[in-house]
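Overview (structure and organization)
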Amino acid sequence: MALERIQQVTGRAVHVPGNDIDTDRITPARYLKVVTFDGLGEALFHDERFNPDGSEKPHPLNDPRFKGASIMLVGANFGCGSSREHSPQAIYRAGFRALIGESFAEIFFGNSTALSMPCVSASKADIEALAAAVEENPALEVTVDVERLEVRYADKTFKVKLPESARKALVEGRWDPIADLLEAGELLEQASARLPKAVKS
Amino acid sequence: MGKSLYEKVWEAHAIRTLPNGQTQLFIDTHLIHEVTSPQAFGMLKDLGLKVRFPERTFATVDHIVPTHSLLEPFADPQADEMIRKLRENVREHGITFFDVTSGLQGIVHVIGPEQGITQPGMTIACGDSHTSTHGAFGAIAFGIGTTQVRDVLATQTLAMGKLKVRRINVEGKLRPGVYAKDVILHIIKVLGVNGGIGYAYEYGGSVLEGFSMEERMTVCNMSIEGGARCGYVNPDQTTFDYLKGRPYVPKGAEWDAAVERWKALASDPDAHYDDVVNIKAEDIAPTATWGINPGQGCAITDRVPDPALYPEAERPGLLEALAHMKLRPGQPIKGVKVEVAFLGSCTNGRISDFREVAKYLKGRKVAPGVRAIAVPGSQVVARQCEEEGIAEIFREAGFEWRGAGCSMCLAMNPDKLIGDELCASSSNRNFKGRQGSATGRTVLMSPVMVAAAAVTGEISDAREVFGVGELVGA
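As a convention, each chain's residues are numbered from 1 in the sequence order in which they are written. Key to labels: chains lettered from A, ligands numbered from 1, both in the order written. Only residues with pLDDT of at least 70 get local features here, since the model is predicted, and only at 80 or more are side-chain atom pairs given and counted; chain-wide, interface and lining totals rely on the full set of residues.

1. Regarding the UniProt feature "domain: Aconitase A/isopropylmalate dehydratase small subunit swivel" (unreviewed entry) in chain A
Short version of the rule: UniProt positions are given in the numbering used here, feature names are shortened, and annotations may be inferred rather than shown by experiment. By the criteria applied, helices consist of DSSP H or I runs no shorter than four residues and strands consist of E runs no shorter than two, each listed in order from the N terminus.
Those places that UniProt annotates as "domain: Aconitase A/isopropylmalate dehydratase small subunit swivel" (unreviewed entry) correspond, in this numbering, to residues 5–114 of chain A. Between the end C-alpha atoms of residues 5–114 of chain A there is a gap of 13 Å, over a span that is 22% helix and 13% strand.

2. Examining the domain arrangement of chain B
Residue and element names in this part refer to chain B. Put simply, the rule reads: Domain delimitation follows an automatic or database domain assignment. Our contact criterion uses C-beta atoms placed from the backbone: two residues qualify when those atoms are within 7 Å. When residues are grouped by polarity, Ala, Val, Leu, Ile, Met, Phe, Trp, Tyr, Cys and Pro land in nonpolar, Asp, Glu, Lys and Arg in charged, and all others, Gly among them, in polar.
Entries for chain B in the domain assignment read domain 1 (5–265) and domain 2 (287–466). Here domain 1 and domain 2 have C-alpha centroids that lie 24 Å from each other. Facing 38 residues of domain 1, the contacting portion of domain 2 comprises 35 residues. Secondary structure elements with two or more residues in the side of domain 1 that touches domain 2: α4 (108–115), α6 (180–191) and α8 (213–221). Of all the elements, α6 adds the most residues to the side of domain 1 that touches domain 2, at six residues. Residues that form the side of domain 1 that touches domain 2 fall into these classes: 16 nonpolar, 15 polar and seven charged.

3. Some details on the interface of chain B and chain A
On the side of chain A, 52 residues touch chain B, which itself brings 68 residues to the contact. Counting residues per element, the ones that place at least two in the side of chain B that touches chain A are β1 (14–17), β2 (23–26), α2 (38–46), α3 (77–93), α5 (146–155) and β8 (157–160) of chain B. For the side of chain B that touches chain A, the class distribution of residues is 26 nonpolar, 28 polar and 14 charged.

4. Observations concerning the UniProt feature "binding site: [4Fe-4S] cluster" (unreviewed entry) in chain B
Residues and elements named next belong to chain B. Under the convention used in this document: We call a residue exposed when 12 or fewer other C-beta atoms sit within 10 Å of its C-beta, buried when the count reaches 20 or more, and partly exposed for counts in between; the C-beta positions come from the backbone.
Under the local residue numbering, the UniProt record ascribes the feature "binding site: [4Fe-4S] cluster" (unreviewed entry) to Cys-346, Cys-406 and Cys-409. These annotated residues cover 64 residues of sequence, but their C-alpha atoms sit close together, with the largest distance between any two at 8.8 Å. Looking at the element boundaries, Cys-346 is found in helix α12 (residues 345–348). In contact with Cys-346, other than residues within four places in its own chain, are Ile-107, His-109, Val-110, His-130, Thr-133, Asn-221 and Gly-377. On the secondary structure map, Cys-409 appears in the loop between β17 (400–401) and β18 (422–425). For Cys-409, a count of 30 C-beta atoms within 10 Å puts it in the buried group.

5. A look at the nonpolar core
Just so we agree on the cut-off: The term nonpolar core means buried Ala, Val, Leu, Ile, Met, Phe, Trp, Tyr and Cys residues held together as one set by C-beta atoms within 7 Å.
Membership of the largest hydrophobic core comes to 221 residues, with the highest contact counts inside it found for Ile-71 and Ile-100 of chain A together with Ala-341, Ala-424, Val-450 and Ala-454 of chain B. Broken down by element, this core gets its largest block of residues, eight residues, from helix α16 (residues 447–456) of chain B. Both domain 1 (5–265) and domain 2 (287–466) of chain B contribute no fewer than three residues apiece to this core. Excluding anything up to four places from it in sequence, Ile-100 of chain A contacts Ile-71, Leu-73, Val-120, Ala-122, Ile-127, Val-144, Val-151 and Val-160 of chain A.

Structure follows, in structure tokens:
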């Protein structure tokens, strides 16, 4: 299965500040009452962005200056809480292709990688400097270089972190693991034959 | 140097190394529910794949089921579509399904242990972050996303990186009125909501050794709230006694062999840990959260933080939490008015939770103006509560006694907070909007503290309200 190689992501950025932003906030549970992921982009940060009457609240994603951004700048422990893949799906379907944050919750990170959406970690200072630059010039072009593990904008560059397995998976176009997993073939039957199984007795 | 249980289980289940360096890990038991599985079955279909080992997947319906009536079609057409889709998928692929008509339906993390599907040394995955619950049995159990649900359905394996292991010892004697829920809320407060990223938590020490299986489940359940994808307790006699005779465990000579095998899985006395944390049982108080993540908690006798007294970097987060909770800086947590009391969830919806509360609730009344809801974790728990007269005690007290499901823990069914109602809750998450209203407020606590809040109409110290501790002589 030939998958796109995610070597770098270039686009405009938007800063969604705050630490410990959980997946209930990213996609409130009522948006999980679906049997496909279609249309989830609209759910993104819904209750943070809209009042119950549908009017807009002040939120970076409602700010016309940042419309069309494809890189999201976030704080620490982003995506904590529920394992719902609906959250990265909503982010992806809203047009985002990479996240730069201080740190990411593990399940969210894995779900995002499997969607080809890199979540790279950077220092608070680097993220804040980039956020300030974006605030100053929302049209600023930002590049997340997955291959070289750096972020570039204007004349600035800073280093980012990404576990090597995720970097490799993205850069080599192996971010969806299914093909690799299926290659195990007979090893799967052998493992199932020797490992414990819950059987009604 | 010896090995931890995590290492032993990991090695037994590692099939091969993948090209990106991750390990292909075999998953013994896969649990699915209606919310995170339909898209996975869709992906499977798109790829032209089948469920590789259907006998290793078990399904239930829990998140969207109404708890007041199981009449179908459900009033909520979306919920109705989800249960029908799940039925269609399990039928097509030959998967065991604990449907609402089975008498065995319930929250996935309640019924797995109840049926004996959860066993020591297993790898267990489910598209639900509270899968860590099953670690109470010495299983390596963790939540996965929907794409990974597809991976398990198609191959019974996952691409995983090995975690580090942090041993958390809780030594000493818990003070009267302190429960397993308080232990885990305390651990999360000490280590932080992101302290566990990259770790499996191994819980031990005299307190965990003395805990029942259900208390251990409460602790392991909230590992993910501390950032740890899985948490476990080494299997021991308590584990084996709980499992013996349950429908899905081996019987006779096979049982004896299984117990021997399980005993050998426990971490070696000289096991290597990447980190060790020691917690004194005496330092743990009955706890309530005051904020918008499970680490923002304090002793019931404490005051909520005053951001002015904290370093500047921490103030915005504290102010945001207090603003959402509508609490004043420095006010005592005790005495805050409660509009809703929720008792249930995969954290605290088991028979022992209802038994413990019933001891104190008997003869009491829910305070006027408080909506109190009791939701058993499974149909089995519901039946036990009826048989033991527990359900009647709750009804007499003015609780709404409901059917099994996730209910107001995440409000995907009709059970929701309205407006900015404040809920004393035995669940696991106090995130903004978690209980179904964007402005709703959640205060996490033990089941007995929820009952104390229900009868007084305010956040209360159960030791004062019920004399907890004196009665049980704990």
